[in-house]
Amino acid sequence: MTPEPKVVLKPGREKSLRHRHPWVFSGAVDRVEGEPAPGSTVVVTAHDGAFLARAAYNAQSQIRARVWSFDPKENVDEAFVRRRLADSIARRAIVRPGSDGQRLVHGESDGLPGLVADRYGDTAVVQILSAGAERWRELWGPALVAAAGVKAVFERSDAEVRTLEGLPPRVGPLVGAAPATVRIEEDGIAYEIDVAGGQKTGFYLDQRDNRALAATLAKDADVLNAFCYTGGFSLSALAGGARHVASIDTSAEALALARRNMAANGLDEARAEWVEADVFAHLRKLRDQGKHYGLVILDPPKFAPTERHVEKAARAYKDINLWAMKLLAPGGHLLTFSCSGAVSPDLFGKIVAGAAADARVDLQVRRHLGPGLDHPVSVHFPEGEYLKGLWLQAS
Ligand code: SAH
């Protein structure tokens, strides 16, 4: 039997793996023994040869290896991968009812590095985002049908991060025909989802609980929903009895689908305004117009795709938060989010506090916010806590 290819770390660089963090960065690697193909399984050892983990290797990525298992006795074969998937789906038995949309697999946090799968009714949409997950590509479709009981599986492996892994973008059906449209119902609101052309897997399931909170806070309020995409928070606010909801996004397609969703739910169009604009510029414009809102929602895209972008991202987060705060009516609420894994909850809190100081507004944290129960986070993988938010209230 040929020996398993090996990745030997530099002295002292085994610490993060001993703490069960699942990534080996290129700078930590002393040498590679054997010739592992992209995505194939390697044994990672400390400099002294001690076993640390089995991981998926990728010479193309700064994340040189992603850990499958820290157990020296565990082999990474088809049975192992299927077991991990089944465990991940079994974990979703605990849910808040009210939606037939659900994240089934949450990457590293579910022990499946680089794999994301969302269920929309009978359809699952997968993102294969690492060479290791790509290695098992043939398996995900049938395995999701078997474990989750979906009828169709559609692949949306066209996220930016694929290029960082040296993988080409790929979009298309894995099982069944490409679904024309997919619908889910979440807390009584129906959403049409564009799984082939929408962002990510088509819908932001992670904001489910926060949309429900927005519905509560929106009653009788003038609401501003910045970065509205297909109108998730906007429809929740309308359904919750908002007086008026203004929604901003740069994507004309997203706004068109948001309008269709509003009409399909029989919500009063007269209470809604959809603005195709850049949020950074538009917030300033609203301020110049002397506008004030009882509820502002800021759910921007990922400003920091990696660690390197954190400083620039921090400035962008501060800017939109500062201007949003200036738009709050007395007693008004701000739901503000960051979905950058590289921006910690602690840093986000500091950015927001800095914005409040510069805006000269007094705010209280009413609650720390995050994704729903279908987005577990591994205690060893803080990056998995990508979505963090604050519910703030002005004095
Ligand atoms: N809150 C949404 C998800 C938001 S995703 C939901 O719950 O479904 C982020 C959105 O920001 C995307 O729709 C994207 O088109 C939009 N966007 C990105 N940059 C923008 C900008 N500068 N101004 C306005 N919208 C922007």
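Here the structure is shown first, and the text comes after it.
Residues numbered from 1 in each chain as written. Predicted model: local features only at pLDDT ≥ 70, side-chain atom pairs only at ≥ 80, totals over all residues. Heavy atoms only, no water.

With that out of the way, let us pick up the overall build of the chain. For the chain, the helix and strand inventory stands at eleven helices and 20 strands. Relative to its length of 395 residues, the chain is compact, with a C-alpha radius of gyration of 22 Å against a globular reference of 21 Å. Structurally, the chain occupies a C-alpha span of about 75 × 45 × 35 Å along its principal axes. Burial analysis of the chain (395 residues in total) assigns 54% to the buried set. The contacts in the chain between residues at least 6 apart in sequence include a share of 64% that link residues at least 24 apart. Across the chain, the centroid of the 49 positively charged side chains sits 3 Å from that of the 49 negatively charged ones. (Helix = DSSP H or I, 4+ residues; strand = E, 2+ residues; numbered from the N terminus. Rg over C-alpha atoms; globule rule 2.2 N^0.38 Å. Buried < 20%, exposed > 50% of the residue type's maximum accessible area, 1.4 Å probe, protein only. Contact = heavy atoms within 4.5 Å. Lys, Arg positive; Asp, Glu negative; His and termini not counted. Charge placed at Lys NZ, Arg CZ, Asp CG, Glu CD.)

With respect to the helices and strands, S247 occurs in strand β15 (residues 244–249). In contact with S247, not counting residues within four places along its chain, are N225, C228, S234, E273, W274 and V275.

Moving on: the packing of helix α10 (residues 310–326) against helix α11 (residues 345–359). In contact at an axis separation of 8 Å, α10 and α11 are set at 45° when each is read in the N-to-C sense. Taken as axis vectors, α10 and α11 run oblique relative to one another. Of the two elements, α10 crosses α11, and the hand of that crossing is right-handed. Between α10 and α11, the residues in contact are V310, A314, Y317, K318, N321, L322, M325 and K326 and L347, F348, I351, V352, G354, A355, A356, D358 and A359, respectively. Residue composition of the contact of α10 with α11, grouped by class: twelve nonpolar, two polar and three charged. (Axes fitted to C-alpha atoms, helices over the stretch in contact; angles between N-to-C directions. Parallel < 35°, antiparallel > 145°, perpendicular 65-115°, else oblique. Left-handed = near helix turned anticlockwise from the far one by under 90°. Nonpolar A, V, L, I, M, F, W, Y, C, P; charged D, E, K, R; others polar.)

Counting residues in each nonpolar core, the largest one holds 39 residues, and the members touching the most others are Y120, V223, L235, W274, L295, I297 and L335. Here this core gets four residues from one element, more than from any other, and that element is helix α7 (residues 232–239). One finds V296, F303, L322 and F348 within the second-largest nonpolar core, a separate group that totals 38 residues. (Core = buried A, V, L, I, M, F, W, Y, C linked by side-chain atoms within 4.5 Å.)

This next bit is on the site of the ligand. Lining the immediate surroundings of the ligand are 16 residues, of which R211, D249, D278, V279 and D299 lie closest. A distance of 3.0 Å separates an oxygen atom of the ligand from a polar atom in the side chain of R211. T250 places a polar main-chain atom, nitrogen or oxygen, 3.2 Å from a nitrogen atom of the ligand. Here the residues of the shell around the ligand sort into nine nonpolar, three polar and four charged. (Near = heavy atom within 4 Å. Polar contact = N/O pair within 3.5 Å; in protein donor to acceptor, adjacent residues only side chain to side chain.)

What follows is about the packing of helix α2 (residues 78–91) against helix α4 (residues 137–148). Where α2 contacts α4, the two axes come as close as 10 Å, and the packing angle between them is 45°. One way to sum up the angle between α2 and α4 is to call them oblique. Judged by the sense of rotation from one axis to the other, the crossing of α2 with α4 is right-handed. Here E78, V81, R82, L85, A86 and I89 of α2 lie close against α4, whose contacting residues are L139, W140, A143, L144, A147 and A148. Residue classes in the contact of α2 with α4 are distributed as ten nonpolar, no polar and two charged.

This part takes up the sheet that holds strand β5 (residues 51–57). Read from one edge of the open sheet, six strands run β2-β6-β5-β4-β1-β3, paired in mixed fashion. Of all strands in the sheet, those with a lone pairing partner are β2 (23–25) and β3 (29–33), marking the two edges. Adjacent strand axes in the sheet meet at a mean angle of 35°, parallel and antiparallel pairs treated alike. In terms of strand pairing, β5 meets strand β6 (residues 63–69) through four bridges, oriented antiparallel. Its bridge partner being in β6, R54 is matched across the sheet by S69. (Pairing = 2+ DSSP bridges.)

Attention now goes to the sheet that holds strand β10 (residues 152–157). Here five strands make up an open sheet; going across it, the order is β7-β8-β9-β10-β11 and the pairing mixed. The open sheet has two edge strands, β7 (101–106) and β11 (170–175), and neither has a second partner. When strand polarity is set aside, the average angle formed by the axes of neighbouring strands in this sheet is 20°. Pairing between β7 and strand β8 (residues 115–120): five bridges, direction antiparallel. Pairing of G101 across the sheet is with Y120, part of β8. Lying on the sheet, α4 is in contact with β7, β8, β9 (123–128), β10 and β11; it crosses β11 at an angle near 45°.

By the definition in use, this model includes one cavity of 30 Å³ or more. Estimates place the volume of the largest cavity at around 40 Å³. Surrounding the largest cavity, A56, Y57, N58, I63, R64, A65, R66, S130, A131, G132 and E165 form its lining. Here the lining of the largest cavity takes four residues from β6, the largest share from any one element. Its residues assigned to classes, the lining of the largest cavity comprises five nonpolar, three polar and three charged. (1 Å grid on protein atoms, 1.4 Å probe; cavity = no way out; pocket = protein on both sides within 12 Å on 5 of 7 lines; lining within 4 Å. Points joined across faces, edges and corners; volume = space filled by probe spheres on them.)

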